[in-house]
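# Summary of structural features
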Amino acid sequence: MKNSQAILNEEAFSQGLCLLSERDEHLAGVVKTYGRPPLWVRDPGFPTLVYIILEQQVSLASAKAAFDRLQAAVKPLTPRGFLKLNDGELLRIGFSRQKTLYTRLLAESLARRHFDLRYLHELPDDAAHKMLVAFKGIGRWTADIYLLSALRRPDIWPIGDLALATAVQEVKRLRKRPSPERLEALSTSWRPWRAVAARLFWHAYLCKRGLKSATVSL
């Protein structure tokens, strides 16, 4: 797994789960208690990146409802199609002013061919991440989730994810929820499978709260 552009497919996912379970008794306990987590894959491209922007600082349910309304309003959901919606229409769909601005800037860049999301597929993790966060409104968390779920990079670790931090606290039995810096330090032993570890922690988080892990899109 030294190739930074490796893809986390089902075979690699199984390999990562086995290695992490051997290496970490707490992660082995997640599998024993809740079973194998879903791979949670998203299609790469503009719609998924818009969906992740909608997920910023809101519940997954709220983001999904807004995204469903957007897909109903724009068929197919392309950058040019998105740009036909005015601010009022986007507000009714569920976009805040900030998210309207961020998504419109992204759509304009893609529509004018100033940038192509397909470029990211060939880039190492750090370079792809840097290219994404260059866009206004796309921060580390958004870039991490896109790389983890859409590009399926095996070693992405989204330290800004609140559910992940809470799950790490619970699974590892920590006294308090770890800070992003503490999460980064804790993740060292899970390299180069940190995206697999993240899925294990999310799986535990959802199952503990009675949510159906397999039906939740992360």
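Our structure's up above, just so we're on the same page.
Residues numbered from 1 in each chain as written. Predicted model: local features only at pLDDT ≥ 70, side-chain atom pairs only at ≥ 80, totals over all residues. Heavy atoms only, no water.

### Digging into the nonpolar core
To keep it simple, the criterion reads: Residues enter a nonpolar core if they are buried and are Ala, Val, Leu, Ile, Met, Phe, Trp, Tyr or Cys, with the set joined through side-chain atoms within 4.5 Å. Here the term buried applies to any residue with accessible area under 20% of the maximum for its type, exposed to any over 50%, and partly exposed to those in between, with areas from a 1.4 Å probe on protein chains only. Comment: elements are numbered from the N terminus, with helices defined as DSSP H or I runs of at least four residues and strands as E runs of at least two. Working rule for contacts: check all heavy atoms of both residues, and any pair within 4.5 Å makes them a contact.
Residues Leu70, Leu132, Tyr146, Trp157 and Phe201 are the most contacted members of the largest nonpolar core, which totals 65 residues. Take this core: its biggest share by element is 9 residues, from helix H12 (residues 194-208). Residues in contact with tyrosine 146, not counting those within four places in the same chain, are Pro44, Gly45, Thr48, Leu49, Ile52, Leu117, Leu120, Leu132 and Leu151.

### Observations regarding the packing of aromatic side chains
To keep it simple, the criterion reads: Pairing of aromatic rings covers Phe, Tyr and Trp, the last counted by its six-membered ring, and requires centre-to-centre distances within 6.5 Å; plane angles under 30 degrees mean stacked, over 60 mean edge-to-face, and any other angle means tilted. Note on criteria: charge over ring means Lys NZ or Arg CZ within 6 Å of the ring centre, with the direction from the centre no more than 35 degrees off the ring normal.
Tallied over the full model, the rule gives 8 aromatic pairs. When the ring of tyrosine 51 is compared with that of phenylalanine 67, the centres are 4.3 Å apart and the planes differ by 10°; the resulting orientation is stacked. In this pair, tyrosine 51 sits in helix H3 (residues 46-54) while phenylalanine 67 sits in helix H4 (residues 60-73), placing the two residues 16 residues apart along the sequence. Taken as a pair, tyrosine 51 and phenylalanine 67 share a single burial class, namely buried. Each member of the aromatic cluster is reached from another via a ring pair, and the members are Phe46, Phe82 and Phe95. Seen from the ring of tyrosine 51, arginine 42 lies directly overhead, with NZ or CZ sitting 5.3 Å from the centre. Cation over ring: arginine 209 sits above tyrosine 205, and NZ or CZ is 3.8 Å from the ring centre.

### Details of H3
Most of H3 sits inside the fold, with 8 of its 9 residues counted as buried. Along H3, the positions that sit buried rather than exposed are Phe46, Thr48, Leu49, Val50, Tyr51, Ile52, Ile53 and Leu54. The elements touched by buried residues of H3 are H4, helix H5 (79-82), helix H7 (97-111), helix H8 (125-133) and helix H9 (140-150).

### Considerations on the pattern of salt bridges
Put simply, the rule reads: We define a salt bridge as a contact between a side-chain nitrogen of Lys or Arg and a carboxyl oxygen of Asp or Glu at a distance within 4 Å.
Applying the stated rule across the entire model yields 15 salt bridges. Between arginine 209 and glutamate 170 there is a salt bridge, with its nearest N and O atoms 2.6 Å apart. On the criterion of sequence distance, the pair formed by arginine 209 in the segment after H12 and glutamate 170 in helix H10 (residues 162-172) is long-range, its members being 39 residues apart. Relative accessible area serves as the criterion here: at 26%, glutamate 170 is assigned to the partly exposed category.

### So, unusual backbone geometry
Going from lysine 75 to proline 76, the amide bond is cis rather than trans, its omega being -10°. One can find proline 76 in the loop between H4 and H5. A cis geometry characterises the amide bond from arginine 191 onward to proline 192, with omega recorded as 0°. Even without glycine at this site, arginine 152 takes up a positive phi of about 55°.

These figures come from the coordinates and say nothing about function on their own.
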